[in-house]
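Fold and geometry: a report
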Amino acid sequence: MVFTMGIASMLSHIFDVPAKDTLELLWGSPFSLTITDLFILIFLSLVIVITALSACNVKENVIDKISTQNSENAVGKTKTYPDYITLGVENSVNFSPYEKMSEGNLQTLRIAYESIFAYDDDMRVIPVLAEGFVASEDGKQITVTLKDDIKCHNGDTLNAKDVLNSAELMKAAGYDRFSSEIRQISIVDQKTFMVSFLVPQSNPAERLMFPIVKTDGTEVAGTGPYKFEKKESTDTYLFSAFEDYHGMKPAIKQIRILNAEDTDTLLRLFEIGGIDV
């Protein structure tokens, strides 16, 4: 019945025959159909089935061809990266991570600023600027040693005092996510500092995920894979790969950050190719 309804619908569209009349022809009493009518129905049914099967085969062949081409292109080829990408953000960019406190601003500036610890893709805590650490059994203290010779974007070497200064900037900016439970940060030596907490921490390293900066009181410098290069326009900022980066060197040479007013503007820019991400 369903199959016949489909044939009826097709005939009604092709020959402009009312569906009711078509159904009466196809689904009427079998004794009212002539031999010619039966042959016509069988012929039309075969045409529909053959056409459908051909379309499926063509689609499968195209997909197989594309997959084969992609596989051939992938063999023996080194993955390449563009020289630069444009990153769109919504009204959140500032050169100092502590001048405009927002989660979006901190996430955007991770290309330029790093923390002592961070989460990896599996949400495990991993050291970034830390070489080693020891946490107390009661979870109220952690002692951290920085990596050797971490260069900041201004050419200076990162030290324990920079961690203390960064924590003070964080508290002054009112970013309580990390600062609310820190009692004190004490400098042990150039590379080592100790953090004590107001209450026991299940994982003290998670409280040391705020941006670390080198500052002279007016300007700040980070340690991230990209450093600020220049302001290209009112809303566009250029960051270049940092040659002295202590970690794996970035494959993309430059990142342009385009600061948009709202989400709708970002979507329109993405649709016309104005931003990559």
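Remember, predicted model here, so these are calculated numbers, not experimental data.

Analysis parameters
Residues numbered from 1 in each chain as written. Predicted model: local features only at pLDDT ≥ 70, side-chain atom pairs only at ≥ 80, totals over all residues. Heavy atoms only, no water. Helix = DSSP H or I, 4+ residues; strand = E, 2+ residues; numbered from the N terminus. Contact = heavy atoms within 4.5 Å. 1 Å grid on protein atoms, 1.4 Å probe; cavity = no way out; pocket = protein on both sides within 12 Å on 5 of 7 lines; lining within 4 Å. Points joined across faces, edges and corners; volume = space filled by probe spheres on them. Nonpolar A, V, L, I, M, F, W, Y, C, P; charged D, E, K, R; others polar. Salt bridge = Lys/Arg side-chain N within 4 Å of Asp/Glu carboxyl O. Pairing = 2+ DSSP bridges. Axes fitted to C-alpha atoms, helices over the stretch in contact; angles between N-to-C directions. Phe/Tyr/Trp six-rings, centres within 6.5 Å; stacked < 30°, edge-to-face > 60°. Buried < 20%, exposed > 50% of the residue type's maximum accessible area, 1.4 Å probe, protein only.

Another aspect to go through is the environment of I116. Inspection of the secondary structure assignment puts I116 in the loop between α4 (103-108) and β2 (117-119). Along the sequence, I116 and K147 sit 31 residues apart, while their C-alpha atoms lie 9.9 Å from each other. Contact partners of I116, with chain neighbours within four places excluded, come to P127, V128, L129, A130, V144, L146, V163, F193, L208, F210 and I212.

So, about the environment of F197. Along the polypeptide, F197 turns up in strand β7 (residues 192-197). Through-space distance from the C-alpha of F197 to that of R183 is 4.8 Å; in sequence the pair is 14 residues apart.

Turning our attention to the layout of surface pockets. In this approach a probe as big as a water molecule rolls over the atoms, and the regions it shows empty are the leftover space. Approximately 400 Å³ is the volume found for the largest pocket. Surrounding the largest pocket, 20 residues form its lining, Y113, E219, V220, A221 and G222 being those nearest its centre. Among the elements of the structure, β8 (214-215), β9 (220-221) and β10 (226-231) are those that each provide at least two residues to the lining of the largest pocket. Partitioning the lining of the largest pocket into residue classes produces eight nonpolar, six polar and six charged. When its volume is computed, the second largest pocket comes out at roughly 230 Å³.

Evaluation of the coordinates by the stated rule reveals eight salt bridges. D148 serves as the salt-bridge partner of K191, at 2.3 Å between the closest nitrogen and oxygen. Separated by 43 residues along the polypeptide, K191 in the loop between β6 (182-187) and β7 and D148 in the loop between β5 (141-146) and α5 (160-172) bring together distant segments of the chain.

What follows is about the sheet that holds β7. With antiparallel pairing, the four strands of this open sheet are ordered in space as β4-β5-β7-β6. Each edge of the open sheet carries a strand with a single partner, namely β4 (130-135) and β6. Neighbour to neighbour, the strand axes of the sheet diverge by 20° on average, direction disregarded. Across five bridges, β4 lies against β5 in antiparallel orientation.

Enumeration according to the criterion identifies three aromatic pairs in this entry. Between the aromatic rings of F228 and F239, the centroid separation amounts to 5.6 Å while the plane-to-plane angle is 70°, which identifies the pairing as edge-to-face. With a gap of eleven residues between them, F228 in strand β10 and F239 in strand β11 (residues 236-241) connect regions that are remote in the sequence. In this structure F228 comes out as partly exposed when scored by relative accessible area, which is 32%. Residue F239 is classed as buried on the basis of its relative accessible area, which comes to 2%.

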